[in-house]
Amino acid sequence: ALSAGALHGLLSLNLADNTIGSEGMQALAAAVSKGALRTLTNLSLMNSAIGPEGMQAFAEAIPNEALGNLTHLDLSMNRMDEKGANALTESISKGALRNLRDLNLDDNNIGDGGIKAVSEVLGMGALASLHTLGGPAGAAQGAGGGGSGG
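Residues numbered from 1 in each chain as written. Predicted model: local features only at pLDDT ≥ 70, side-chain atom pairs only at ≥ 80, totals over all residues. Heavy atoms only, no water.

The subject of this paragraph is helix α3 (residues 81-93). Under the 1.5 Å per step criterion, the end-to-end length of α3 is 18 Å for 13 residues, consistent within 8% with the ideal 18 Å. For α3, the set of buried residues is G84, A85, A87, L88, T89, S91 and I92. On its buried face, α3 is in contact with α2 (51-61) and α4 (111-123). Of the residues flanking the start of α3, the one acting as N-cap is D81, its side-chain oxygen 2.9 Å from the backbone nitrogen of K83. (Helix = DSSP H or I, 4+ residues; strand = E, 2+ residues; numbered from the N terminus. Expected span 1.5 Å × (residues − 1). Buried < 20%, exposed > 50% of the residue type's maximum accessible area, 1.4 Å probe, protein only. Contact = heavy atoms within 4.5 Å. Polar contact = N/O pair within 3.5 Å; in protein donor to acceptor, adjacent residues only side chain to side chain.)

This is the structure in structure tokens:
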């Protein structure tokens with residue numbers, strides 16, 4: 001239903017604490033890549049057990065501005081690890097999520113490599129609109145702030 005455009009015009013989608021897993025994330029990514037959520041401004045996938053494979057699918061779905069209006073993205077507590085963080089930052093470096101203002105990657109065990117990838121993508125200005133990186137709004141202000149989820 002989602003990939004068929006059943007939720008056209010949706011602005012906010014909260015799937016937090018639903019344990020959709022890698023398979024659910026792959027289904028969501030398929031819908032995203034088809035443009036089913038173009039109007040979305042807020043997406044919460046907190047504690048959804050996405051893992052690195054699910055994050056890879058999501059990262060592959062977003063470079064074409066399929067989520068170009070997204071301003072708030074919560075990916076905290078998803079066990080994405082370094083592989084997932086690298087996939088996400090690679091898409092961001094190619095112009096995905098350019099309007100993002102708030103990004104939460106907390107509690108993902110992204111390790112030193114993931115932190116480095118996030119730092120590099122921020123350093124190149126790929127998320128110029130970013131105001132909050134880390135936990136709940138206000139936890140780490142400014143794109144140079146901490147809280148990248150180590």
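Turning our attention to the nonpolar core. F58, L67, L73, L75, L88 and L97 are the most contacted members of the largest nonpolar core, which has 37 residues in total. Of all the secondary structure elements, the ones that give two or more residues to this core are α1 (21-33), α2, α3 and α4. Apart from the residues lying within four places of it in its own chain, the contact partners of L73 are L43, F58, L97, L100, D102, L103 and N104. (Core = buried A, V, L, I, M, F, W, Y, C linked by side-chain atoms within 4.5 Å.)

Here the structure, examined in full by the defined rule, presents three salt bridges. E65 is the partner of R98 in a salt bridge, and the nearest nitrogen-oxygen pair spans 3.0 Å. In this pair, R98 sits in the loop between α3 and β4 (102-104) while E65 sits in the loop between α2 and β3 (72-74), placing the two residues 33 residues apart along the sequence. (Salt bridge = Lys/Arg side-chain N within 4 Å of Asp/Glu carboxyl O.)

Structurally, S48 can be placed in the loop between β2 (42-44) and α2. Relative accessible area serves as the criterion here: at 0%, S48 is assigned to the buried category. Taking the C-alpha atoms as reference, S48 lies 9.0 Å from R79; in sequence the two are 31 residues apart. Residues within four places of S48 in sequence aside, it is in contact with L15, A16, D17, N18, T19, I20, G21, M77 and N78. A distance of 2.9 Å separates a polar side-chain atom of S48 from the backbone oxygen of L45.

What follows deals with empty space enclosed by the protein. A complete count under the given rule lists one cavity of 30 Å³ or more for this structure. Empty space within the largest cavity amounts to approximately 30 Å³. At the level of secondary structure, the elements contributing two or more residues to the lining of the largest cavity comprise α3 and α4. Among the elements that line the lining of the largest cavity, the one with the most residues is α4, at three residues. Tallied by class, residues from the lining of the largest cavity come to eight nonpolar, one polar and no charged. (1 Å grid on protein atoms, 1.4 Å probe; cavity = no way out; pocket = protein on both sides within 12 Å on 5 of 7 lines; lining within 4 Å. Points joined across faces, edges and corners; volume = space filled by probe spheres on them. Nonpolar A, V, L, I, M, F, W, Y, C, P; charged D, E, K, R; others polar.)

Where α3 contacts α4, the axes come no closer than 8 Å and their chain directions differ by 10°. Classified by the interaxial angle, the pair formed by α3 and α4 is roughly parallel. In this structure, α3 uses E82, A85, N86, T89, I92 and S93 to contact α4, whose residues at the interface are G113, G114, A117, V118 and V121. Counted by class, the contact of α3 with α4 contains five nonpolar, five polar and one charged residues. (Axes fitted to C-alpha atoms, helices over the stretch in contact; angles between N-to-C directions. Parallel < 35°, antiparallel > 145°, perpendicular 65-115°, else oblique.)

These results come straight from atomic positions and should not be treated as a statement about function.
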